[in-house]
Amino acid sequence: MAPDQATELVTDPATPTNPADPAPTNAANPADPAPTPTRALLDEVAATADRFLGSLDERPVWTRAGYDEMLAAFGGPLPDAPSDPAEVVADLARRAEPGLSATPSGRFFGFVIGGVHPAGLGADWLTSVWDQNAGLTSLAPANAACEAVAAGWLLELLGLPATASVGFVTGGMQANFTCLAAARHDVLARAGWDVERRGLVAAPPVRVIASVDRHGTVDLALRYLGLGTEAVVEVASDDEGRIDIDGLTDALDAGTGPTIVCLQAGEVHTGAFDALATASDLAHHRGAWVHVDGAFGLWAAAAGDPGIRALVAGADRANSWATDGHKTLNVPYDCGFAIVRDRVVHRATFGVHGDYLISSDAGDPMELVPEFSRRARGFPVWAVLRSLGRQGVADLVDGLCRNARRLADGVAAIPGASVVNDVVFTQVLLDFGDDATTGEVARRVLTDGTAVLTPATWRGRAALRCSVSNWSTTADDIDRTVDALARIVGEVRGGA
Ligand SMILES: *Cc1c(COP(=O)(O)O)cnc(C)c1O
């Protein structure tokens, strides 16, 4: 539709001028207002979306076109003149198509990437339509209430204190940053230093104790925080990537002063969990702040299987927790949660009001996150949790673990292939005999297109990493993936 037509429709005499007027006659449902000029565009987007979702079972899971082809597809000079939005969006979809990875596919096991639960998808579309600015409660009360209610549900599902506060951020990285900012505030406040007012110049040094297998975003967060990566006191970890408890004790005892201990629930390669109860107790005994990076692993707490829940025993003893919405919970990108036990500390770190000692629950979402204006992430989170319910979340987590186990068992039966890690959660690390073979299998998996698994290095050896994080993955998806791997391994070994 041309912009002039849009103007014409907006000024259509059928459009009621008085908001109290009854709905215009050209609506399909007499209770609905007339379709807006945007309606045709939305219908076209829905059809395009449906085609994409419908293609997921058969399309190659890895992208067919690379960056250079996409640059050529999208390139050209900035147009001088405006063009019809609907045509531009249809054109965008056409050009993008070969350069899309099928990340919402049930056979996308690369990195750690969740799918899109339908309730989250629908709510996310409306989030864009409503275009709320989530920072202020008075401006966006529906979102603020959704976030408050969803926060309560999240804390219950994750087995965390009901009085903790939850900031809705973009993902695990920003959740780690937000939590570690609260940690920095608190450990320095206890040393008599107001970091929000006085900054870090001349502040007492802050030690950050973490294992060698911490996620890279912890270091990035420390860079943002001005603590620097050299603040990290590294502790060894075991074969699965769990922090060494004796090493942690030694590190704690080797220094004094403001100390933050970063633990991990779900190592990104192996899915292993630190001994959270023991490690937290040791750290708290020496006055440290305990942070848990549980980007995907914290969701073990919501499992139905008690064996899986046991992985996070003691997680509730920490002072802060980072987790994702767009991984295990299958909310669309982007979504993460920064959870802080002491809501006064959380608000003191990010609040912009003079008086931080807010004793009631009322407040603004922006007091809990680094952003001022931001997307209303409460809607998709609320919708997915409401749609799944406690049972649905438990089934989701159990199902991911069951599928990870099935994949591990299937691959272990391929001659020459082995599973490197103890598959306790959703991560499976595969080895195909030697680095050259594993590397070649990793390359061919992507071009084969049946599934996506991504290459990794673990303890100096090449591995193929598989993360089962998508709600829609079926046993058949796992079997198709194992069959493809068996075929590819055969080809590589046969020199094909
Ligand atoms: C994915 C991940 C992160 C980073 O999360 P993003 O959502 O990508 O920002 C941090 N820690 C761990 C353990 C992760 O798996």
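Our structure is the block above this text.
Residues numbered from 1 in each chain as written. Predicted model: local features only at pLDDT ≥ 70, side-chain atom pairs only at ≥ 80, totals over all residues. Heavy atoms only, no water.

### Some remarks on the site of the ligand
Definition in use: Note on definitions. A residue lies near a molecule or strand when any single heavy atom of the residue is within 4 Å of it. In protein, a polar contact means a hydrogen-donor-capable atom and an acceptor-capable atom, both N or O and within 3.5 Å, with residues adjacent in sequence counting only if both atoms are side-chain atoms; elsewhere, any N or O pair within 3.5 Å suffices. Only the protein chains shown count as cover for residues, with accessible areas throughout obtained via the Shrake-Rupley method and a probe of 1.4 Å. Only DSSP runs of H or I with at least four residues qualify as helices, and only runs of E with at least two residues qualify as strands; both kinds are numbered from the N terminus onward. In this count, Pro and Cys sit with the nonpolar residues alongside Ala, Val, Leu, Ile, Met, Phe, Trp and Tyr, while Asp, Glu, Lys and Arg are called charged and the others, Gly among them, polar.
Around the ligand, the surrounding shell holds 14 residues, and the nearest of these are Met173, Asp293, Asp324, His326 and Lys327. Within the contact set of the ligand, an oxygen atom lies 2.8 Å away from a side-chain nitrogen or oxygen of Asp324. In this structure, an oxygen atom belonging to the ligand sits 2.9 Å away from a side-chain N or O atom of Lys327. Considering the ligand on its own, with 380 Å² of exposed area, one finds that the protein chains cover 84% of that surface. If one sorts the elements of the shell around the ligand by residue count, helix α7 (residues 172–190) sits on top with three residues. Here the shell around the ligand is built from residues that sort into four nonpolar, seven polar and three charged.

### Side note on the packing of aromatic side chains
Inclusion rule: For this analysis, a ring pair means two rings from Phe, Tyr or Trp (six-membered ring only for Trp) whose centres lie within 6.5 Å, classed as stacked if their planes differ by under 30 degrees, edge-to-face if by over 60, and tilted for the remaining angles.
Using the criterion set out here, one finds seven aromatic pairs in the structure. Relative to Trp382, the ring of Trp153 lies with its centre 6.1 Å away and its plane at 25°, an arrangement referred to as stacked. Taken together, the residues span a long stretch of sequence, with Trp153 in helix α6 (residues 141–158) and Trp382 in helix α14 (residues 378–412) at a distance of 229 residues. Aromatic side chains Phe177 and Phe350 sit 6.4 Å apart centroid to centroid with 65° between the ring planes, which places their arrangement in the edge-to-face category. Pair noted here: Phe177 is in helix α7 and Phe350 is in helix α13 (residues 343–350), with a separation of 173 residues, a long-range link.

### A few points about a nonpolar patch on the surface
How we decide: The patch calculation keeps residues exceeding 30% relative accessible area without a salt bridge and links them within 9 Å when they carry like charges or within 5 Å when they are nonpolar (Val, Leu, Ile, Met, Phe, Trp, Tyr). Basic side-chain nitrogens of Lys or Arg form a salt bridge, by our definition, when they fall within 4 Å of a carboxyl oxygen of Asp or Glu. Relative accessible area decides the class of each residue, using a 1.4 Å probe on protein chains only: under 20% of the type maximum gives buried, over 50% gives exposed, and in between gives partly exposed.
A surface patch of nonpolar side chains, about 290 Å² in accessible area, is lined by Leu126, Val129 and Trp130. The residue Trp130 is located in helix α5 (residues 118–130) in this model. Given a relative accessible area of 42%, Trp130 falls into the partly exposed group.

None of the figures reported here should be taken as evidence of function without further support.
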